[in-house]
Amino acid sequence: MEKQPLHKFYEKNRLERIKALEQAKAISAEDAALLEKGLVLPDETADHMIENQIAKYELPYGTALNFLIDGKEYVVPMAIEEPSVVAAASSAAKIINKAGGFRTTVSNRMMIGQVALMEVPDPIRAKTVVMAHEEELLQTANEAKPSIVKRGGGARKLEVRLIPADEKAGTPAFFVVHLHIDTLEAMGANIIDTMAEAIKPHLEEWTGGRALMGILSNYATECLATAECRIPVSLLEKNGMSGEEVRDRIIEAAQFAYADPYRAATHNKGIMNGVDAVVIATGNDWRAIEAGAHAYAARSGKYRSLSIWSKAENGDLLGSLTLPLPVGTVGGQISIHPAAGFSKRLLGYQNAKELESIIVSAGLGQNFSAIKALVTDGIQKGHMALHAKSLAITAGASGSEIDRVAEKLKQSGTIDLATAKEILKEIRG
Ligand code: NDP
């Protein structure tokens, strides 16, 4: 990608940004024309997507620049309403780009379908019986969804988990069968649910229990993506603080988030700012990704930070983030929503594994920006400056008034709605 046209991207207006992306060959002329019209979701499509549809709820769609992931450059689409997230992602990606970029590893994409049984008379014996029928059960599951098998995917493995009764909590024992399913390029909810339901009657027969439900698990521990980065301290200096000091404070911030669930929730929310924005822009189910990420954060039995920051032997800052990322490149609304289709072309990913690499990198980059700001300037300085624009709009500013009100708000040092209204009144004279 040619970099020059993207110089000072944030200072351009919307149409200039689209032109710049086209000049940088990040998008085609057809997509530039599509973007100018605004990636509109047709009414008819929206009406078929959900029930009782009466309108479309829009979100701003931005692009984070400078992402270098496994040696490849990306312009990353982000659909999000919160100011400063796109700027923070771009700024983190710029530093990490200079440090060689993100490196990622992605596990095999195996999704989990659960069948829960209750009142199994002899769970230990039933486990042996079920596992003895593994091949038969996998065959039944695959016969229920032959098209995924034809494509090269399908049910691969069976696992039985015995969850004992908990008298204190008042919960009974559960006999849980996991189906591990290769859903290829799909997130696979429908494939998994179909297969889980298909094996339910056999499991009832072989365990003597009562099947409660068959459904995918969003705790996708067999579909993990990891992003790592290594940043020399020379790239970390900030406002008179040495790179070593910034590095050490980032590590302390990560230790605080590891130790304290109150902090971990906010630390992880910052990670999900980057993750969700890309997940939404690519037409994926962000509730599924959120649920999986927070369950993964609690995998030790205590809710902890999702990322790790440490010091390398040579003094570099090392960052690492692992997330369950069962995203798809087909299925759901991905092929239906024009914005999701555009994101696919913008990222130019080859498959769901590559999309996972991009998303987990966006999460790590976002986390880096947030904790770096927190331990240096404090988060409010940058955030409130960007928030000023939203306040200007809320106060009633339009057109060129928005920037003028936002600028005066920042200068006033009191960034709130009442001040924004006063400034607007002054400007309008
Ligand atoms: P779909 O059922 O829409 O799409 C998957 C289908 O795409 C496959 O069954 C397959 O159908 C087809 N396909 C085409 N090419 C490929 C390929 N290369 N690899 C795999 N499949 C391919 O979506 P999903 O099953 O992925 O389900 C996702 C949707 O389910 C999301 O909208 C999500 O919100 C929703 N959902 C989520 C739940 C949760 O997270 N708990 C619960 C229930 C629903 P074929 O082979 O027949 O052509």
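You'll find the structure just up there.
Residues numbered from 1 in each chain as written. Predicted model: local features only at pLDDT ≥ 70, side-chain atom pairs only at ≥ 80, totals over all residues. Heavy atoms only, no water.

Participant: In this structure, what is going on with unusual backbone geometry? I would like to understand it.
Facilitator: If a residue is not glycine, its phi is most likely negative; likewise, a peptide bond is most likely trans. Although it is not a glycine, Glu119 adopts a positive phi angle of roughly 55 degrees. Of note, Glu119 is situated in the loop between β4 (111-118) and α5 (123-132). We note that Leu184 has phi near 55 degrees; this positive angle belongs to a residue other than glycine. Along the chain, Leu184 turns up in the loop between β6 (174-182) and α8 (189-207). (Helix = DSSP H or I, 4+ residues; strand = E, 2+ residues; numbered from the N terminus.)

Participant: Any chance you could explain the layout of surface pockets here in plain terms?
Facilitator: Empty pockets left among the atoms are what a rolling probe the size of a water molecule brings to light. Looking at the second largest pocket, its volume works out to about 220 Å³. Together, 16 residues line the second largest pocket, and Tyr258, Ser305, Leu306, Ser307 and Ile308 are the ones closest to its centre. At the level of secondary structure, the elements contributing two or more residues to the lining of the second largest pocket comprise α9 (243-259), α11 (286-297), β9 (307-311) and β10 (317-324). Here the residues of the lining of the second largest pocket sort into eight nonpolar, six polar and two charged. (1 Å grid on protein atoms, 1.4 Å probe; cavity = no way out; pocket = protein on both sides within 12 Å on 5 of 7 lines; lining within 4 Å. Points joined across faces, edges and corners; volume = space filled by probe spheres on them. Nonpolar A, V, L, I, M, F, W, Y, C, P; charged D, E, K, R; others polar.)

Participant: When you look at the packing of helix α15 (residues 401-412) against helix α16 (residues 417-428) in this model, what are you seeing that I'm missing?
Facilitator: Relative placement of two packed helices is described by the angle separating their axes and the distance separating the axes. The contact between α15 and α16 brings their axes to 9 Å, and the two run at 125 degrees. As judged from the angle between their axes, α15 and α16 are oblique. In the crossing of α15 with α16, the sense of the turn from one axis to the other is right-handed. On α16, the residues touching Glu401, Arg404, Val405, Lys408, Leu409 and Ser412 of α15 are Thr419, Ala420, Ile423, Leu424, Ile427 and Arg428. (Axes fitted to C-alpha atoms, helices over the stretch in contact; angles between N-to-C directions. Parallel < 35°, antiparallel > 145°, perpendicular 65-115°, else oblique. Left-handed = near helix turned anticlockwise from the far one by under 90°. Contact = heavy atoms within 4.5 Å.)

Participant: Looking at this structure, I do not really get the nonpolar core. What am I missing?
Facilitator: Side chains of nonpolar character tend, in soluble globular proteins, to be buried together. Grouped together as the largest cluster of nonpolar side chains are 58 residues, with contacts concentrated most on Phe67, Val76, Ile231, Val275, Trp309 and Phe368. Looking at this core element by element, the count peaks at nine residues for helix α13 (residues 352-375). If we skip the residues at most four places from it in the chain, Val76 touches Gly62, Thr63, Ala64, Phe67, Val278, Leu347 and Ile358. Core analysis: the second largest hydrophobic core is formed by 32 residues, Ala126, Ile191, Met195 and Leu216 among them. (Core = buried A, V, L, I, M, F, W, Y, C linked by side-chain atoms within 4.5 Å. Buried < 20%, exposed > 50% of the residue type's maximum accessible area, 1.4 Å probe, protein only.)

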